[in-house]
Amino acid sequence: LDLGQSNDYTAVSVLEHVGDAYHVRHLERVRGLPYPVIVAKVGEIMQSPALAGQAALVVDQTGTGAPVVDLFNQAGLNPVGVMIHAGADVKNEGRTWKVPKRDLIAVLVVLFQTGRLKISSKLPLAEVLQNELLNFKVKIDPVTAHDSYSAWREQEHDDLTLATSLAAWWGERGDEQITLELPTRAIFRS
């Protein structure tokens, strides 16, 4: 889940891990909804028969995300929070992960370029996601060797890319995620 601010899209991407591939099963984005409504909406998705008790909710906790992650916790959804940074190390503090932007991008690029990310053309937002994936660029400063992602977050709409990258990154974490409790029942407040 990529949480948008007031005028930005909030995007949901549901991935299913099938063999060594990830199938994008659901894409959705909304704009202008209050965060409690988003929490309830995501809660309904998480409690659907296909996901209930079998899926982790991974949320971009950068910026406005931290207080909203608290709302997800209050709703019993036990989210995994990801704070995106420009550093080089992945760090974990309970259910919060600090992840370099390059790690999120790298996982998605590898999956996309090797055909391990399957996006059904039947999904209404499939073309939007594919265009977002094709349009971001990585730039390396030849003097400092620092990387930057000029079209990653600066682009007006890259929300589906970020939501998908969070899910793919978490899926690729492997056995580390097994110790986290998945939600089995949630209580929603509107």
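The structure displayed is predicted, hence computed values, not measured ones.

Enquirer: Any chance you could explain the overall build of the chain here in plain terms?
Expert: When helices and strands are counted, the chain shows 5 helices and 9 strands. Tracing the chain from N to C terminus, the helices and strands come up as β-β-α-β-α-β-β-β-α-β-α-β-β-α. Residues counted as buried form 43% of the 190 residues belonging to the chain. Of all intrachain contacts in the chain linking residues separated by at least 6 positions in sequence, the fraction that spans at least 24 positions is 56%. Carbon and sulfur atoms form 52% of the exposed surface of the chain, whose accessible area is close to 10000 Å².

Enquirer: Got a minute to help me understand the pairing of strand S6 (residues 96–100) in this structure?
Expert: Put simply, side chains in a regular strand alternate between the two faces of the sheet. Extensive coverage of S6 is indicated by the burial of 4 of its 5 residues. Pairing analysis gives 5 bridges linking strand S4 (residues 80–85) to S6, with the strands arranged parallel. Note that in S6 the partner of Ile84 across the bridge is Val99. In the sheet, strand S5 (residues 91–93) pairs with S6 via 3 bridges, with the strands oriented antiparallel. Considered in S6, the bridge of Glu93 is made with Thr96. In this antiparallel pair of consecutive strands, S5 and S6, the connection spans 2 residues, and Gly94 shows a positive phi of 65°.

Enquirer: Can you help me understand the packing of helix H4 (residues 126–135) against helix H5 (residues 159–172) in this one?
Expert: Angle between the axes and distance between the axes: these two values describe a pair of packed helices. Where H4 contacts H5, the axes come no closer than 8 Å and their chain directions differ by 85°. By the angle between their directions, the pair H4 and H5 is classed as roughly perpendicular. Only Asp159, Leu160, Thr161 and Thr164 of H5 make contact with H4, whose side of the interface consists of Val128, Leu129, Glu132 and Leu133. For the contact of H4 with H5, a count of residues per class yields 4 nonpolar, 2 polar and 2 charged.

Enquirer: Hey, could you run me through the environment of Gly81 in this one?
Expert: Following the sequence through the fold, Gly81 ends up in strand S4. Classification of Gly81 by relative accessible area gives buried; the value is 0%. Along the sequence, Gly81 and Leu1 sit 80 residues apart, while their C-alpha atoms lie 9.7 Å from each other. Once residues within four sequence positions are removed from consideration, Gly81 is found in contact with Val59, Gln61, Arg95, Thr96 and Trp97.

Enquirer: Would you mind going over the environment of Ile38 with me for this structure?
Expert: Mapped onto the elements, Ile38 comes out in helix H1 (residues 35–46). Along the backbone, Ile38 and Phe72 are 34 residues apart, and their C-alpha atoms lie at a distance of 9.4 Å. Apart from residues lying up to four places away in sequence, Ile38 is in contact with Leu3, Thr10, Val30 and Leu33.

Enquirer: Looking at this structure, I do not really get H4. What am I missing?
Expert: Within an α-helix, residues lying three or four positions from one another point in the same direction, as the helix has 3.6 residues per turn. Taken together, the buried positions of H4 are occupied by Ala126, Leu129, Glu132 and Leu133. Down the axis of H4, the buried set is contained in an arc of 130°. They therefore lie on one face. The exposed set on the far side of H4, more than 90 degrees from its buried face, consists of Glu127 and Leu134. Of the surrounding elements, those touching the buried residues of H4 are strand S2 (21–31), helix H3 (101–113), strand S7 (117–119) and H5.

Enquirer: Would you explain the sheet that holds S6 in this entry?
Expert: Picture the strands of a sheet paired through backbone hydrogen bonds; they go either parallel or antiparallel. Ordered in space as S3-S4-S6-S5, the 4 strands form an open sheet in which the pairing is mixed. The sheet is open, and its two borders are formed by strand S3 (58–60) and S5, each paired with just one other strand. On average, adjacent strands in this sheet sit at an angle of 25° to one another, irrespective of strand direction. Sitting on the sheet, H3 is in contact with S4 and S6, with an inclination near 80° to S6.

Enquirer: Just to check I follow, could you spell out the sheet that holds S2 for this structure?
Expert: With respect to topology, 3 strands assemble into an open sheet ordered S1-S2-S7, the strand pairing being mixed. Edge positions in the sheet fall to strand S1 (9–18) and S7, since each has one partner strand and no second. Mean inter-strand twist for the sheet, computed between neighbouring axes without regard to direction, equals 35°. By the bridge criterion, 10 bridges tie S1 to S2 in an arrangement that is antiparallel.

Basis of the calculations
Residue numbering note: each chain is counted from 1, following its sequence as written. Residues qualify for local features only when their pLDDT is at least 70, as the model is predicted, and side-chain atom pairs are given and counted only at 80 or more; totals for whole chains, interfaces and linings, by contrast, use all residues. Where side-chain values are given, they derive from all heavy atoms of the structure, hydrogens and water being excluded. Going along the chain from the N terminus, every DSSP run of H or I of four or more residues is numbered as a helix, and every run of E of two or more is numbered as a strand. Buried residues are those whose accessible area, probed at 1.4 Å on protein chains only, stays under 20% of the maximum for their type, while exposed residues exceed 50% and partly exposed ones sit between those limits. Working rule for contacts: check all heavy atoms of both residues, and any pair within 4.5 Å makes them a contact. Calculation of accessible area relied on Shrake-Rupley with a 1.4 Å probe; when residues are assessed, cover is drawn exclusively from the protein chains displayed. Strand pairing requires that DSSP identify at least two bridges connecting the strands. Note on definitions: angles span 0 to 180 degrees between N-to-C directions of axes, and those axes are lines fitted to C-alpha atoms, for helices only across the stretch in contact. An angle below 35 degrees is treated as roughly parallel, one above 145 as roughly antiparallel, one from 65 to 115 as roughly perpendicular, and anything else as oblique. Throughout this entry, Asp, Glu, Lys and Arg are counted as charged residues, while Ala, Val, Leu, Ile, Met, Phe, Trp, Tyr, Cys and Pro are counted as nonpolar. The remaining residues, Gly among them, count as polar. Relevant arc is that of directions from the helix axis to the C-beta atoms, nothing else.

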